[in-house]
Amino acid sequence: PMVADILYDGILQGTCASWKRQWLIGEALGDKGLVCGKPQDSDPFPFNECRRLGVTVLPEQKAEDVAKLINQSYTVVNPCDYWGGGQRATLEALACGVPVVCCTDSPKNREFIEASGFGRIVEPNAQDIKKAVEDLKTNPLDPQIGVDYVKKNWTAKKYAEDLLDGINKII
């Protein structure tokens, strides 16, 4: 987490790909949305549609810059579908203390939000995404919830402890 002026209602960082459904950010948030990531010549529609809908589209960013952009947003909107991934974006948001809006058909991201209680899970449509973002802006969650979840479950120390526990169970 860092202190930053809020410039966006929602952000998603990640490669431009149709299964990530970035255009839903445009449909829900328009010029209050931001997407950044690696463009793909083979699948330009998501970023092109975001631009058409007024979303700020940035190229792939360094990790430090991604953290700053997340902290300049009320939410991370992760509309990825079942195959869409986006887990790193969700965990980065939680680590920054920024709540995530993810979709019901994204089990990989739902798991983090259900386990942490830090965000909203909505149907994959612009109306529900916008409503969840507005709710989180009006009724903000304690940022420490996301930070504590990541520190408890997703650190190098936690991985090492789990690995050692698994080894000890085997021997």
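Provided above is the structure to which this section pertains.
Residues numbered from 1 in each chain as written. Predicted model: local features only at pLDDT ≥ 70, side-chain atom pairs only at ≥ 80, totals over all residues. Heavy atoms only, no water.

A. The arrangement of the overall build of the protein in detail. Tallying secondary structure elements over the protein gives eight helices and six strands in all. Beginning at the N terminus, the succession of helices and strands in the protein can be written as β-α-β-α-β-α-β-α-β-α-β-α-α-α. Computed over the C-alpha atoms, the radius of gyration of the protein is 16 Å, within 12% of the 16 Å expected from 2.2 N^0.38 for a compact globule of 171 residues. In terms of its C-alpha atoms, the protein occupies a principal-axis envelope of roughly 60 × 40 × 30 Å. Within the protein, the fraction of its 171 residues that count as buried is 45%. (Helix = DSSP H or I, 4+ residues; strand = E, 2+ residues; numbered from the N terminus. Rg over C-alpha atoms; globule rule 2.2 N^0.38 Å. Buried < 20%, exposed > 50% of the residue type's maximum accessible area, 1.4 Å probe, protein only.)

B. Summary view of the environment of Lys-151. With respect to the element layout, Lys-151 can be found in helix H7 (residues 143-153). Overall, the relative accessible area of 58% leaves Lys-151 in the exposed class. For Lys-151 and Ala-95, which are 56 residues apart along the polypeptide, the C-alpha to C-alpha distance reads 7.8 Å.

C. Representation of the nonpolar core in the model. Judged by nonpolar contacts, the single largest core of 21 residues is most densely connected at Val-35, Val-77, Val-101 and Ile-129. Membership of the second largest hydrophobic core comes to 20 residues, among which are Leu-34, Cys-36, Val-76 and Phe-112. (Core = buried A, V, L, I, M, F, W, Y, C linked by side-chain atoms within 4.5 Å.)

D. Local environment of the packing of helix H4 (residues 87-96) against H7. For the pair H4 and H7, interaxial distance at closest approach is 6 Å and the crossing angle is 115 degrees. Side by side, H4 and H7 meet where Leu-91, Leu-94, Ala-95 and Cys-96 of the first sit next to Gly-146, Val-147, Tyr-149 and Val-150 of the second. (Axes fitted to C-alpha atoms, helices over the stretch in contact; angles between N-to-C directions. Contact = heavy atoms within 4.5 Å.)

E. Layout of a nonpolar patch on the surface. Together, Leu-163, Ile-167, Ile-170 and Ile-171 make up a nonpolar patch on the protein surface, roughly 490 Å² of accessible area in all. For Leu-163, the location among the structural elements is in helix H8 (residues 156-170). (Patch = residues over 30% accessible without salt bridge, like charges linked within 9 Å, V, L, I, M, F, W, Y side chains within 5 Å. Areas by Shrake-Rupley, 256 points an atom, 1.4 Å probe, with all protein chains shown as cover. Salt bridge = Lys/Arg side-chain N within 4 Å of Asp/Glu carboxyl O.)

F. Focus on the environment of Asp-41. Looking at where Asp-41 falls in the secondary structure, it is placed in the loop between strand E2 (33-36) and helix H2 (45-52). Through-space distance from the C-alpha of Asp-41 to that of Cys-16 is 9.2 Å; in sequence the pair is 25 residues apart.

G. Up close: the sheet that holds strand E6 (residues 119-122). The sheet built from six strands is open, its strands ordered E3-E2-E1-E4-E5-E6 with parallel pairing. The sheet is open, and its two borders are formed by strand E3 (56-58) and E6, each paired with just one other strand. Taken over all neighbouring pairs, the strand axes of this sheet differ in orientation by 20 degrees on average, direction set aside. Pairing of strand E4 (residues 73-78) with strand E5 (residues 100-103) involves three bridges; the strand directions are parallel. (Pairing = 2+ DSSP bridges.)

H. Local environment of the pattern of salt bridges. Taken as a whole and assessed by the stated rule, the structure comprises 10 salt bridges. For Arg-88, the salt bridge goes to Glu-92, with nearest N and O atoms at 3.6 Å. Here Glu-92 and Arg-88 lie together in helix H4, a separation of four residues that amounts to about one turn. Of the charged contacts in the structure, one is a salt bridge between Glu-161 and Lys-157, with a shortest N-O distance of 3.9 Å. Taken together, the residues span about one helical turn, with Glu-161 and Lys-157 both in helix H8 at a distance of four residues. For Glu-161, a relative accessible area of 41% gives the class partly exposed. For Lys-157, a relative accessible area of 60% corresponds to the exposed category. Taken together, the salt bridges that share partners define one network made up of Asp-9, Glu-134 and Lys-137.

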